[in-house]
Amino acid sequence: MIVMKFGGTSVESAEAMEQVISIVKSKLSRKPIVVASAMSKITDTLLQCAQLARDGHESQAHSLIQDGLAKRHHQAIEKLVQNSLRQKLLQDAVNKYLDEIKNLVHGLAILGELSPRSLDAIVSYGERLSTLILSVAMQEHSITAELVDARKVMITDENFTKAAPLLDLSASKAREIFLPILKKGSVPVTQGFIGSTRDGTTTTLGRGGSDYSAAIIGALLNAEEIEIWTDVDGILTTDPKMVTDARLLETVTFQEASELAYFGAKVLHPSTIWPAVEKNIPVHVYNTKRPESPGTHIVARETKESKSGGIKSIAYKKGIAVINIYSTRMLLAHGFLKSIFEIFDKFETSVDLVATSEVSVSLTIDDAQHLEKIVSELKKFSTVTVEQKKAIVCLVGEQMKYTPGIAARVFNAIKEINVNMISQGASEINVSFIVNESDVSTVVQKLHCEFFE
Ligand code: ADP
Ligand code: ASP
Ligand code: MG
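Residues numbered from 1 in each chain as written. Chains lettered and ligands numbered in written order. Predicted model: local features only at pLDDT ≥ 70, side-chain atom pairs only at ≥ 80, totals over all residues. Heavy atoms only, no water.

1. Quick look at the overall build of the chain
Right, on to step 1. Along the backbone of the chain there are 13 helices and 16 strands.
Right, on to step 2. The C-alpha radius of gyration computed for the chain amounts to 23 Å, which stays within 12% of the reference 22 Å derived for 453 residues, consistent with globular compactness.
Right, on to step 3. The 453 residues of the chain split such that 55% are buried.
Right, on to step 4. Considering only residue pairs separated by 6 or more positions, the chain has 77% of its internal contacts joining residues 24 or more positions apart.
Right, on to step 5. On the chain, roughly 20,200 Å² of surface is accessible, and the fraction owed to carbon and sulfur atoms is 51%. (Helix = DSSP H or I, 4+ residues; strand = E, 2+ residues; numbered from the N terminus. Rg over C-alpha atoms; globule rule 2.2 N^0.38 Å. Buried < 20%, exposed > 50% of the residue type's maximum accessible area, 1.4 Å probe, protein only. Contact = heavy atoms within 4.5 Å. Areas by Shrake-Rupley, 256 points an atom, 1.4 Å probe, with all protein chains shown as cover.)

2. As for the sheet that holds strand 7 (residues 225–230)
Right, on to step 1. Strand order in this open sheet of 8 strands is 3-4-2-1-7-9-10-8, and the pairing throughout is mixed. Only two strands of the sheet have a single partner each, and these edge strands are strand 3 (145–148) and strand 8 (251–253). Going across the sheet, the axis of each strand differs from the next one's by a mean of 25°, ignoring polarity.
Right, on to step 2. Strand direction decides the pairing type here: strand 9 (residues 283–287) and strand 10 (residues 296–299), joined by 3 bridges, are antiparallel. (Pairing = 2+ DSSP bridges. Axes fitted to C-alpha atoms, helices over the stretch in contact; angles between N-to-C directions.)

3. What to know about a nonpolar patch on the surface
Right, on to step 1. Where nonpolar side chains cluster on the molecular surface, the patch consists of Leu-337, Phe-341 and Val-354 and spans about 220 Å² of accessible area.
Right, on to step 2. Taking relative accessible area as the criterion, Phe-341 reaches 33% and is therefore assigned partly exposed. (Patch = residues over 30% accessible without salt bridge, like charges linked within 9 Å, V, L, I, M, F, W, Y side chains within 5 Å. Salt bridge = Lys/Arg side-chain N within 4 Å of Asp/Glu carboxyl O.)

4. Some remarks on the site of ligand 2
Right, on to step 1. Around ligand 2 lies a shell formed by Ser-37, Thr-43, Glu-127, Phe-193, Arg-207, Gly-208, Gly-209 and Ser-210.
Right, on to step 2. Here an oxygen atom of ligand 2 sits 3.1 Å away from a polar atom, N or O, in the side chain of Ser-37.
Right, on to step 3. Here an oxygen atom of ligand 2 sits 3.4 Å away from a polar atom, N or O, in the main chain of Gly-209.
Right, on to step 4. For ligand 2, whose unbound accessible area comes to 260 Å², protein coverage reaches 85%. (Near = heavy atom within 4 Å. Polar contact = N/O pair within 3.5 Å; in protein donor to acceptor, adjacent residues only side chain to side chain.)

5. Details of the packing of aromatic side chains
Right, on to step 1. A full pass over the atoms with the stated rule returns 7 aromatic pairs.
Right, on to step 2. With a centroid separation of 5.2 Å and an interplanar angle of 90°, the aromatic rings of Tyr-262 and Phe-263 are classed as edge-to-face.
Right, on to step 3. Residue Phe-263 is classed as buried on the basis of its relative accessible area of 6%.
Right, on to step 4. On the basis of an interplanar angle of 65° and a centroid distance of 5.2 Å, the ring pair of Phe-411 and Phe-433 is categorised as edge-to-face. In this pair, Phe-411 sits in helix 12 (residues 406–413) while Phe-433 sits in strand 16 (residues 430–436), placing the two residues 22 residues apart along the sequence.
Right, on to step 5. We classify Phe-411 as partly exposed; its relative accessible area is 22%.
Right, on to step 6. Cluster of aromatic residues (ring-pair linked, three or more members): Phe-6, Trp-229 and Tyr-286.
Right, on to step 7. In this structure, Arg-128 packs its charged tip against the face of Tyr-125, placed 4.1 Å from the ring centre.
Right, on to step 8. Above the plane of the ring of Tyr-262 lies Lys-317, whose end atom (NZ or CZ) is 4.8 Å from the centre. (Phe/Tyr/Trp six-rings, centres within 6.5 Å; stacked < 30°, edge-to-face > 60°. Lys NZ or Arg CZ within 6 Å of the ring centre and 35° of its normal.)

6. Looking at the site of ligand 1
Right, on to step 1. Thr-230, Asp-231, Leu-236, Asp-239 and Lys-241 are the nearest of the 17 residues found near ligand 1.
Right, on to step 2. Taking Leu-236, its main chain carries an N or O atom lying 2.9 Å from a nitrogen atom of ligand 1.
Right, on to step 3. Note that an oxygen atom of ligand 1 is positioned 3.1 Å from one of the side-chain N or O atoms of Lys-266.
Right, on to step 4. Relative to its free-state accessible area of 570 Å², ligand 1 is covered by the protein chains to the extent of 90%.
Right, on to step 5. Residues that form the shell around ligand 1 fall into these classes: 6 nonpolar, 6 polar and 5 charged. (Nonpolar A, V, L, I, M, F, W, Y, C, P; charged D, E, K, R; others polar.)

7. What about unusual backbone geometry?
Right, on to step 1. You will see that Lys-41, though not glycine, has its phi angle at about 70°, which is positive.
Right, on to step 2. Following the sequence through the fold, Lys-41 ends up in the loop between strand 2 (32–36) and helix 2 (42–54).
Right, on to step 3. Under the relative-accessibility criterion, Lys-41 is labelled exposed at 62%.

8. Comments concerning the environment of Lys-173
Right, on to step 1. Locating Lys-173 in the fold gives a position in helix 6 (residues 167–183).
Right, on to step 2. Measuring from C-alpha to C-alpha, the distance between Lys-173 and Ala-150 comes to 10.0 Å, with 23 residues separating the pair along the chain.

9. What about the pattern of salt bridges?
Two side chains of opposite charge can pair, provided their charged atoms sit close to one another.
Right, on to step 1. In this structure the tally under the stated criterion is 24 salt bridges.
Right, on to step 2. Glu-256 is paired through a salt bridge with Lys-312; the nearest N and O atoms lie 2.6 Å apart. You can see Glu-256 sitting in helix 8 (residues 254–262) and its partner Lys-312 sitting in the loop between strand 10 and strand 11 (313–326), a full 56 residues away along the chain. Neither residue differs from the other here; Glu-256 and Lys-312 are each classed as buried.
Right, on to step 3. A salt bridge links Glu-377 to Lys-346; its shortest N-O distance comes to 2.6 Å. Here Glu-377 is found in helix 11 (residues 371–378), whereas its partner Lys-346 is found in helix 10 (residues 336–346), with 31 residues between them in sequence.
Right, on to step 4. Salt bridges sharing common partners tie together Arg-30, Glu-224 and Glu-225.

Note that every value here comes from positions in space, so none of it alone points to a role or purpose.
The following block contains the structure:
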């Protein structure tokens, strides 16, 4: 059995879904479980509808449901499903979902409030709509597909908008629900990204979470392989949206892939790797538009020599805030760092980079939701400054640790750029630093040129 995950662009239209169907067809002998995202941009549209409703713009939210959601899904149905009875049933089912979204929107407008719990309820429709259509379209193409509501399988905690799966519970549900379908020779089609609490309330695993869903399902069922199908050839030397000459990497280690994902390479969700590593399940990244391309194989250990100074790939993450904490009196005192980290912990904000000097500590965060509260608590015992609109640039490669002179090459290549907070990760497989957001594209391009061109 294998798990095949198709991302938003892979199911963005009737044509894209047809391509998915032909790829799945070619893999039927391997007993695939299909995990799909919402059609591209639909999650954003649903979020926008919810925010409009909360702010009292219900009629604007309705127009967006009509123009941004209804049209795209109905167009896809018309092209994908010709059998008139099947088409009618599918249209009715989609309309029922659209009505439910309108009801939720109405509720939000009345309350003028948008809780993480309501947000999850509303965004879950993206994946529910796409998989409903995909499963019927597969039947139309003579694949015996069966839609599985991921909320019956993926049981999570109550941490809405970034819920964590409860693995033991989910494992028994996954076996109970998926295995009989596979045994019949049918193809289960289910949603990525969404789950539910033990009492059945809808949750989501965080943005980009469909990769994570696929990896968990694969691990729970001991899949032979997890395939992540997306809109690029695999994991590349950097984001191709930043450098058009970015090159495909044939293999990337689990550790490299997780560092890249964590530092912004959106091609994989940062949590995707660990379920696969724990069960030693191979992960492949493939391009839905070019299924013949070899893709990237994520491996436990690299066997090939690096040709680029040990650097495999360059990631970047924008929207970073740097928090500088000064305290001449306290800095070297016992417990000072602990009291700082306790504050970040209290507001559930994770820290990416840390740099210390005799009199200061600098930290970076990418989630500024609780920034004000964090700063006001820090100010009780120190002087604090905040710099926003920063970005992290991160170079990753396992062989970096055996290659001298990398730092010199990196900083020489970008010598005219203002760099702060240089850090070599404790894992020794990454070098990261902070630049102004406005310098990111220059920095990534120059570094790509230095190491890969
Ligand atoms: P999906 O909808 O299939 O999950 P995403 O948009 O989440 O796809 O992720 C794919 C995107 O990741 C690519 O289009 C690319 O712009 C971006 N990306 C960033 N860094 C990399 C990288 N190193 N290699 C490949 N893609 C990358
Ligand atoms: N649809 C969700 C998102 O846009 C999950 C995913 O695509 O992985 O974040
Ligand atoms: Mg993604």
